[in-house]
Amino acid sequence: MSVGARELAEFENSRARLEAIAYRLLGSTSDAEDAVQDTFVRWHAADHEFVETPAAWLTKVLTNICLNQLTSARVRREAYVGQWLPEPVFATDPIAGPADTVEQRESVSMAVLTLMERLSPKERAVYVLREAFGYAHNEIADILDITEVNSYQIYRRAKQHVTDDRTRVHIDEAAARKVVEEFLAATLSGNTESLIRLLTDDAISAGDGGGVVPSLDRPITGSLQVARFLRRLFVPNEHKWAMIGGRANLYAAIANGVPALVIVAADRIVALITFEVTTDGIVAVHTQANPAKLERATRHWATTPHADPLLTGW
C-alpha cells in the first residue's frame, strides 16, 4: 500500500507523541527515532481502509517495536562499559514529551528512567503509557493485548518500583539556574562542607562515559563521599582541557525535567549533569559524558536560544 497525503499527515500529526513515548521506553533518542521510522515503514505497508483509529494503530505498533528493542537492549546493556545512564534531553526538545503534570515531569527524569531499567518491558510500557501519557487501562490493554485488570495490576506493581516518598521541587528556568549556581559556587569554593549542605544524607552520584570518557564503575553514595568526588571532578587542569578540547563554558538549563549543568567546549556539549532536587536537597547527581549520548543534545543546543554562561573559560 502507498501512503497518500492524508495518511502522511496522520502519521506526522502523531510523530512527536510517538517519539516521546519511544524515548521514555528506550532511554535513547537514536533508538527512539529508529522505532518511529520502523513504525512509519509499517504504516506505509498497512491497508489503511481497515485502520479505524490511526493514532491508536500507530501507538500499538510503536509500543510493540519498542518492546522488542528493550529485550535486545537489555543484553547490550549487560555488556556496557561502566554505568549505563539514559540519554539526556532538554526541556525544549519535543522528544522530552509532555511536562504539564508532576507525574509527566518525573516520568522523564534520569532517576525514573534509570529505575525503569529494573522493570520488565511490559511493566515499562504500561507505566509510561499510563503515567506520562494518560492512557486509560482499557486502551493500554488493547495496545499490549492484555486484560484491563492485568494492565492495572502491572501499573501498580511498576509504580511501586519507581516511586519514593520524597517531595520533588517544581523547576522552572529561574529555579534551575539558582540550583546550578549554588552547586557551582559550593563545588568551586573548595569547601566540602558547603557542598554537603546542598545534598541529602543519602545522595548518590552516577556517571556514564560509555568506555570513551573516564567514569566510575558504580554510583557513589552518601553526601560526604559525593561531595569529595564532585569537588575533585571540578578542579580544572591541563589534562581535562586536553581531553575535552579546550577550556569550557558552563551553563544552566533544564533537562529531563530537572536542573542541569551544561558543559560546552569546542562548540559541543562534553558533559551534561542533571540534579534530582527534593525539598530536602539534591538527592542525585547524574553525569552523562558519553559523546554518543550527547549528539542530539549538542545539535539542539546549537539551534535553540539559551541564557548566558554562568562561567566562562573553566
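None of these values were measured; they are calculated from a predicted model. (Residues numbered from 1 in each chain as written. Predicted model: local features only at pLDDT ≥ 70, side-chain atom pairs only at ≥ 80, totals over all residues. Heavy atoms only, no water.)

Some remarks on the UniProt feature "domain: RNA polymerase sigma factor 70 region 4 type" (unreviewed entry) in the protein
Then, number 1: As annotated in UniProt, the feature "domain: RNA polymerase sigma factor 70 region 4 type" (unreviewed entry) corresponds to residues 110-161 in the numbering used here.
Then, number 2: Helix makes up 77% of residues 110-161 and strand 0%. Its end C-alpha atoms lie 15 Å apart. (UniProt positions renumbered as here; feature names shortened; annotations may be inferred. Helix = DSSP H or I, 4+ residues; strand = E, 2+ residues; numbered from the N terminus.)

Overview of the domain arrangement of the protein
How large an interface is tends to be reported as the accessible area lost when its parts come together.
Then, number 1: Domain parsing of the protein yields domain 1 (5-162) and domain 2 (173-312).
Then, number 2: Taken over C-alpha atoms, the centre of domain 1 sits 28 Å from the centre of domain 2.
Then, number 3: Contact with domain 1, which involves 25 residues of that partner, is made by 30 residues of domain 2.
Then, number 4: Between domain 1 and domain 2 the total buried area reaches about 2200 Å² when both faces are included, carbon and sulfur atoms providing 54% of it.
Then, number 5: The largest per-residue losses of area from domain 1 upon contact with domain 2 belong to Gln-83, Leu-85 and Phe-90, which jointly make up 35% of the total buried on that side.
Then, number 6: Inspection of the domain 1/domain 2 interface yields 2 salt bridges.
Then, number 7: At the junction of domain 1 and domain 2, the tally comes to 16 residue pairs in polar contact (both at pLDDT 80 or more).
Then, number 8: Among the secondary structure elements, those contributing two or more residues to the side of domain 1 that touches domain 2 are helix 1 (5-26), helix 2 (29-45) and helix 5 (110-115). (Domains from an automatic or database assignment. Contact = heavy atoms within 4.5 Å. Buried area = accessible area lost by both parts, 1.4 Å probe. Salt bridge = Lys/Arg side-chain N within 4 Å of Asp/Glu carboxyl O. Polar contact = N/O pair within 3.5 Å; in protein donor to acceptor, adjacent residues only side chain to side chain.)

Considering the pattern of salt bridges
Then, number 1: Counted under the stated rule, the structure contains 11 salt bridges.
Then, number 2: Between Lys-60 and Asp-145 there is a salt bridge, and its shortest N-O distance comes to 2.9 Å. Separated by 85 residues along the polypeptide, Lys-60 in helix 3 (residues 54-78) and Asp-145 in the loop between helix 7 (137-144) and helix 8 (148-162) bring together distant segments of the chain.
Then, number 3: By relative accessible area, which is 60% here, Asp-145 ends up exposed. (Buried < 20%, exposed > 50% of the residue type's maximum accessible area, 1.4 Å probe, protein only.)

Here we look at the pairing of strand 5 (residues 268-278)
Then, number 1: With respect to burial, strand 5 is a largely interior element, 10 of its 11 residues being buried.
Then, number 2: When strand 4 (residues 258-265) meets strand 5, the two strands line up antiparallel, connected through 6 bridges. Counterpart to Ala-265 in the pairing with strand 5 is Arg-268.
Then, number 3: As consecutive antiparallel partners, strand 4 and strand 5 are separated by 2 residues, and within that stretch Ala-266 has a phi angle of approximately 55 degrees, a positive value.
Then, number 4: The pairing of strand 5 with strand 6 (residues 281-288) spans 7 bridges and is classified as antiparallel. Bridging from a neighbouring strand, Thr-274 pairs with His-286 of strand 6. (Pairing = 2+ DSSP bridges.)

Let's talk about the environment of Val-108
Then, number 1: Along the polypeptide, Val-108 turns up in the loop between helix 4 (102-107) and helix 5.
Then, number 2: With 83 residues separating them along the chain, Val-108 and Leu-25 place their C-alpha atoms 9.8 Å apart.
Then, number 3: When near neighbours in sequence (up to four residues on either side) are disregarded, Val-108 contacts Tyr-23, Arg-24, Ala-96, Leu-113, Asn-256 and Gly-257.

Regarding the packing of helix 7 against helix 8
Then, number 1: At their nearest, the axes of helix 7 and helix 8 sit 8 Å apart, and the two run at 100 degrees to each other. With respect to each other, helix 7 and helix 8 are oriented roughly perpendicular. Contacts between helix 7 and helix 8 involve His-137, Asn-138, Ile-140 and Ala-141 on the former and, on the latter, Glu-148, Ser-151, Tyr-152 and Tyr-155.
Then, number 2: In the contact of helix 7 with helix 8, the residues fall into 4 nonpolar, 3 polar and 1 charged. (Axes fitted to C-alpha atoms, helices over the stretch in contact; angles between N-to-C directions. Parallel < 35°, antiparallel > 145°, perpendicular 65-115°, else oblique. Nonpolar A, V, L, I, M, F, W, Y, C, P; charged D, E, K, R; others polar.)

A closer look at the packing of helix 6 (residues 121-132) against helix 7
Then, number 1: Between helix 6 and helix 7, the least distance of the axes is 10 Å, while the angle of their chain directions is 140 degrees. On the basis of the axis angle, helix 6 is oblique to helix 7. Seen along the crossing, helix 6 lies across helix 7 with a hand that is right-handed. Of helix 7, the residues touching helix 6 (which contributes Lys-122, Ala-125, Val-126, Leu-129 and Arg-130) are His-137, Ile-140, Ile-143 and Leu-144.
Then, number 2: Taken together, the residues of the contact of helix 6 with helix 7 sort by class into 6 nonpolar, 1 polar and 2 charged. (Left-handed = near helix turned anticlockwise from the far one by under 90°.)

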